[in-house]
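# Remarks on the overall topology
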Amino acid sequence: MTPAEVVARAPAKVNVHLAVGPLRADGFHELRTVYFAVSLFDTVTVGPGEGLAVSVTGVDAGVVPTDRRNLVWRAAVLLAEHAGVRHDATIGIAKAIPAAAGLAGGSADAAAALVALDAFWGTRVGRADLDLLAAQLGSDVPFSLLGGVALGSGRGEQLSPVLAPTRRHWVLGMAGEGLSTPAVYGELDRLRAAGRLPGDSGLGSADPVIAALRSGPPAALAGALANDLQTPALALRPELGRALRAATDAGALAALVSGSGPTVAALVEDESSAIRLAAELAGVGIFRTLRAVHGPVPGARLVG
Ligand code: ATP
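Computed from a predicted structure; not experimentally measured.

Judged by pairing direction, the sheet is antiparallel, and its four strands sit side by side in the order β9-β10-β7-β11 without closing on themselves. The open sheet is flanked by β9 (254-257) and β11 (287-295), the only strands paired with a single partner. Strand-to-strand, the axes of this sheet are offset by a mean angle of 20 degrees, without reference to chain direction. When β9 meets strand β10 (residues 263-268), the two strands line up antiparallel, connected through four bridges. From the neighbouring strand, V257 faces β10, where its bridge partner is V264. The strands touched by helix α10 (residues 271-282) are β7 (168-175), β10 and β11; relative to β7, the strand with the most contacts, the crossing angle is about 15 degrees.

Below, the structure is given as structure tokens:
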């Protein structure tokens with residue numbers, strides 16, 4: 001029997017390490033990244049329908065497409081084709097993750113949709129196939145399925161889990177409107193070609209951050225955070241520099257741009273520090289959204 005409704009949710013991520021290597025022939029950059037899933041979730045609800053219908057509510061709903069450009073739409077078509085079923089469903093996306101923020105919100109929605117639709121259609125494609133479909137949808141989608149903490153290589157889609165037994169606390173602050181991921185990579189290429197940033201001869205090692213995640217105190221993790229996309233994001237959005245300084249001035253152990261930005265992820269000692277920092281940054285007037293979060297948390301899961 002077809003269930004009346006299936007609900008799944010998936011988390012946002014921050015990249016605690018993001019090293020960008022050379023541009024590959026397929027147009028993607030070679031990456032070495034450490035993804036970290038945090039407690040900010042989008043929720044996807046699937047119900048009966050004829051054909052596909054996608055609606056979006058919540059944060060940034062106005063800027064997220066509801067047609068075939070939505071990653072959830074593409075996830076539905078891909079899963080239906082793979083499993084040989086009709087793509088009949090009504091899909092509601094409730095967004096808590098800001099769009100184009102460097103938090104992989106669209107990828108979270110696609111991962112949650114794969115999990116929800118697989119249950120709703122009874123397609124039971126299995127984990128390995130879901131991972132393959134996820135990788136076809138986007139570089140970050142496999143991690144949105146997996147969650148926790150993972151080392152990503154290739155264009156980020158080849159994952160190996162990283163041991164991270166300690167809960168870490170962050171404040172996520174989004175400064176200004178969304179930034180386009182391709183634009184930030186383009187700026188990185190431009191700065192490298194102009195000799196204003198070191199070349200891409202080697203991918204920075206993730207070992208220090210992996211060691212700090214395994215057993216270090218928050219201060220050790222703070223010292224190991226790194227993101228090659230931070231300088232180009234700052235070049236495109238200079239006020240991000242002010243946002244990073246505001247976070248450290250207000251007591252964050254460290255702050256970095258998450259992924260391609262413009263979200264600033266500020267690492268703090270504990271939960272009460274996170275709540276205090278979020279409240280203090282709200283008074284600074286730079287951030288359009290501020291959230292105290294923790295992680296690691298699991299990837300896309302059915303709810304209820
Ligand atoms: P990443 O960190 O993976 O580079 P991001 O967090 O910066 O991604 P997303 O929120 O995933 O960015 O959105 C990037 C663009 O993708 C948006 O500008 C939007 O037009 C498009 N998009 C397609 N589907 C979705 C979706 N379900 N939610 C948000 N954006 C979507």
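Let's shift gears to the packing of helix α1 (residues 71-83) against helix α3 (residues 127-137). Running from N to C, α1 and α3 cross one another at 135 degrees; their axes reach a closest spacing of 10 Å. Considering the angle they form, α1 stands oblique to α3. For the element pair α1 and α3, the recorded crossing hand is right-handed. Contacts from L71, R74, A75, L78, L79 and H82 in α1 reach D129, L133, Q136 and L137 in α3. For the contact of α1 with α3, the class distribution of residues is six nonpolar, two polar and two charged.

The next thing to look at is the domain arrangement of the protein. Taken as a whole, the protein is organised into domain 1 (6-162) and domain 2 (168-295). When each unit is reduced to the centre of its C-alpha atoms, the spacing between domain 1 and domain 2 is 22 Å. Listed as interface residues are 32 residues of domain 1 and, on the opposing side, 38 residues of domain 2. Of the roughly 2,800 Å² buried where domain 1 meets domain 2, counting both sides, 64% is carbon and sulfur surface.

The subject of this paragraph is unusual backbone geometry. The peptide bond linking G261 to P262 adopts the cis configuration, its omega dihedral lying at 5 degrees. The step from G295 to P296 runs through a cis peptide bond, and the omega angle for that step is 0 degrees. Its location among the elements puts P296 in the loop between β11 and β12 (301-302). One non-glycine residue, D60, lies in positive phi territory at about 60 degrees. With respect to the element layout, D60 can be found in the loop between β3 (52-58) and α1. On the basis of relative accessible area, D60 is assigned to the buried category, the value being 17%. Notably, A104 is not glycine yet its phi reads approximately 60 degrees, a positive angle.

Quick look at the pairing of β10 now. Burial of β10 is extensive: six of the six residues sit out of reach of the surface. Of the two faces of β10, both are covered, the one formed by T263, A265 and L267 as well as the one formed by V264, A266 and V268. Where β7 and β10 come together, six bridges link them in antiparallel fashion. What sits directly across from V171, in β10, is A266. Taking the residues that link successive antiparallel strands as the turn, the β9-β10 hairpin has five residues, and the phi of G259 there is positive, at about 55 degrees.

The rules behind the values
- Residues numbered from 1 in each chain as written.
- Predicted model: local features only at pLDDT ≥ 70, side-chain atom pairs only at ≥ 80, totals over all residues.
- Heavy atoms only, no water.
- Pairing = 2+ DSSP bridges.
- Helix = DSSP H or I, 4+ residues; strand = E, 2+ residues; numbered from the N terminus.
- Axes fitted to C-alpha atoms, helices over the stretch in contact; angles between N-to-C directions.
- Contact = heavy atoms within 4.5 Å.
- Parallel < 35°, antiparallel > 145°, perpendicular 65-115°, else oblique.
- Left-handed = near helix turned anticlockwise from the far one by under 90°.
- Nonpolar A, V, L, I, M, F, W, Y, C, P; charged D, E, K, R; others polar.
- Domains from an automatic or database assignment.
- Buried area = accessible area lost by both parts, 1.4 Å probe.
- Buried < 20%, exposed > 50% of the residue type's maximum accessible area, 1.4 Å probe, protein only.

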